[in-house]
Amino acid sequence: QVNLQESGPGIVKPSQPLSVTCSVTGYSITTSYYYWNWIRKFSGNKLEWMGYISYDSSIYYNPSLKSRISITRDTSKNQFFLQLNTVTTEDTAVYYCARWPFYGAFDYWGQGVMVTVSS
Amino acid sequence: DIQMTQSPASLSASLGETISIECRASEDIYSNLAWYQQKSGKSPQLLIYAANRLQDGVPSRFSGSGSGTQYSLKISGMQPEDEGDYFCLQGSKFPYTFGAGTKLELK
């Protein structure tokens, strides 16, 4: 059973970095041809794909975030991480991690973690 | 970026009614289109991928169709458990982009 679980700080102050962890169980993040993604959902239900780290550690970011985002992983813990720098209130959202298999759609998602940017 | 225009924004359906939700892409996405259902407080569930392929475990009353820039999700016979938000996703070109969503309610 594939399971993804996000964990994060809840509240982040403006201009500080936002860090969220995705812990994956039931499936190795190094299995070929799978991509591990970050997606966020704003109030009003708008969804934004943020980027991925692949099975072979290649990375792709949404150009709208490219200067602020970093996605890394720890294969020994089967986790991957999101860091978003210099946050503003507009980064307040529910952050999801999700798996993208070779056939092309997010098939497993975490429950999401709400992150609020506020002083 | 590819823009995904989803309609309607909200929909109310009677039990057993057949409904359709549409997504139009700003350019050809070559059937790289998925549909999701999301219930309040839950993670999105994949219904359809590659425009018309039913994800394992999804009831057969859900179906997808379309090509090029026009795609649709059909629910053949609305059930109470089908209430929720539905959205489309294009996976043809980076950055992946989503439709704005449709809120489906039981009348």
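Refer to the structure presented above.
The following refers to the structure shown. Note on numbering: residues in each chain are counted from 1, in written sequence order. Labels are handed out in written order, letters beginning with A for the chains and numbers beginning with 1 for the ligands. In keeping with the model being predicted, local features are shown solely for residues with a pLDDT of at least 70 and side-chain atom pairs are shown and tallied solely at 80 or more, while totals for entire chains, interfaces and linings include all residues. With hydrogens and water set aside, each side-chain value is computed from the structure's full complement of heavy atoms.

Helix and strand counts for chain A stand at zero helices and 11 strands. Along chain A, helices (α) and strands (β) appear in the sequence β-β-β-β-β-β-β-β-β-β-β when read from the amino end. What you see for chain A is a C-alpha radius of gyration of 13 Å, in line with the 14 Å of a compact globule of 119 residues. For chain A, the spread of C-alpha atoms along the principal axes amounts to about 40 × 30 × 25 Å. Starting at the N terminus, helices and strands are each numbered in turn, a helix being any DSSP run of H or I of at least four residues and a strand any DSSP run of E of at least two. Within these notes, the globule rule equals 2.2 Å times the number of residues to the 0.38 power, and the radius of gyration is based on C-alpha atoms.

What follows deals with the state of the cysteines. By definition, disulfides here are pairs of cysteine sulfur atoms that lie within 2.5 Å. For the structure shown, the criterion picks out two disulfides over all chains. Across the disulfide, Cys22 of chain A is cross-linked to Cys97 of chain A (sulfur-sulfur distance 2.1 Å). Measuring handedness by torsion sign, the sulfur bridge of Cys22 of chain A and Cys97 of chain A sits at about 70° and is right-handed. Taken together, the residues Cys22 of chain A in strand E3 (residues 18-25) and Cys97 of chain A in strand E9 (residues 93-100) connect sequence positions 75 residues apart. The two residues Cys22 of chain A and Cys97 of chain A agree in class, both being buried. The disulfide partner of Cys23 of chain B is Cys88 of chain B, and the gap between their sulfur atoms is 1.9 Å. Here the S-S torsion is close to -85°, and the disulfide linking Cys23 of chain B with Cys88 of chain B is therefore left-handed. The buried label applies to any residue whose accessible area, calculated with a 1.4 Å probe on protein chains only, is under 20% of its type's maximum; exposed applies above 50%, and partly exposed to all values in between.

The figure often quoted for interface size is the accessible area lost as the parts come together. Whether two residues are in contact is decided by their heavy atoms, any of which lying within 4.5 Å being enough. Each partner contributes residues to the interface: chain B has 19 residues there, and chain A has 19 residues. By buried area we mean the combined loss of accessible area, with a 1.4 Å probe, across both parts when two parts are placed together. With both chains or domains summed, chain B and chain A bury close to 1700 Å², and 64% of this area falls on carbon and sulfur atoms. A per-residue breakdown of the area chain B buries against chain A is headed by Phe94, Tyr96 and Phe98 of chain B, which together make up 33% of the total. The salt bridge definition used is simple: a Lys or Arg side-chain nitrogen within 4 Å of an Asp or Glu carboxyl oxygen. Where chain B meets chain A, there are zero salt bridges. Whenever a nitrogen or oxygen atom comes within 3.5 Å of another N or O atom, the pair is scored as a polar contact, on the condition that within protein one atom can donate a hydrogen and the other can accept it, and that pairs from neighbouring residues in sequence are kept only if both atoms are in side chains. Our count for the chain B to chain A interface comes out at three residue pairs in polar contact (both at pLDDT 80 or more). Among the secondary structure elements, those contributing two or more residues to the side of chain B that touches chain A are strand E4 (33-38), strand E5 (45-49) and strand E9 (84-90) of chain B. Gly is put with the polar residues, along with every residue not named as nonpolar or charged; the nonpolar set is Ala, Val, Leu, Ile, Met, Phe, Trp, Tyr, Cys and Pro, and the charged set is Asp, Glu, Lys and Arg. A breakdown of the residues in the side of chain B that touches chain A according to their chemical character gives 12 nonpolar, five polar and two charged.

Looking now at the nonpolar core. Residue and element names in this part refer to chain A. Counting 28 residues, the largest nonpolar core has Leu18, Trp38, Leu82 and Tyr95 as the members making the most contacts within it. Sorting the residues of this core by element identifies E3, strand E4 (35-41), strand E5 (47-54), strand E7 (69-74), strand E8 (79-84), E9 and strand E11 (113-117) as the ones contributing at least two each. Sort the elements by how many residues they give to this core and E3 lands first, with four residues. In contact with Leu82, not counting residues within four places along its chain, are Leu18, Ser19, Val20, Trp38, Met50, Ile69, Ser70, Ile71 and Tyr95. As used in this record, nonpolar core signifies buried Ala, Val, Leu, Ile, Met, Phe, Trp, Tyr and Cys residues forming a set joined through side-chain atoms within 4.5 Å.

Turning our eyes to something else, we now look at the sheet that holds E7 of chain A. Residues and elements named next belong to chain A. Pairing between strands is defined by DSSP: at least two bridges between the two strands are required. Spatially, four strands are ordered E1-E3-E8-E7 in an open sheet, and the strand pairing comes out antiparallel. Every interior strand has two partners, whereas the edge strands, strand E1 (3-7) and E7, have only one. For this sheet, the mean inter-axis angle between neighbouring strands, taken without regard to orientation, is 20°. Alignment of E3 against E8, held across six bridges, turns out to be antiparallel. Bridging across to E8, Thr21 finds its partner in Phe81. All axes are obtained by fitting lines to C-alpha atoms, using only the stretch in contact for helices, and the reported angles, taken between N-to-C directions, cover 0 to 180 degrees.

On to the packing of aromatic side chains, then. All names here are of chain A. Any two rings among Phe, Tyr and Trp, with Trp reduced to its six-membered ring, count as a pair given centres within 6.5 Å; such a pair is stacked if its planes are under 30 degrees apart, edge-to-face if over 60, and tilted if neither. Taken as a whole and judged by the stated rule, the model has 27 aromatic pairs over all chains. Ring centres 6.4 Å apart and planes at 45° place the aromatic pair Trp49 and Tyr52 in the tilted group. Classification of Trp49 by relative accessible area gives buried; the value is 1%. Only when the NZ of Lys or the CZ of Arg is both within 6 Å of the ring centre and within 35 degrees of the ring normal is a charge said to sit over the ring. Above the plane of the ring of Tyr27 lies Arg99, whose end atom (NZ or CZ) is 4.5 Å from the centre.

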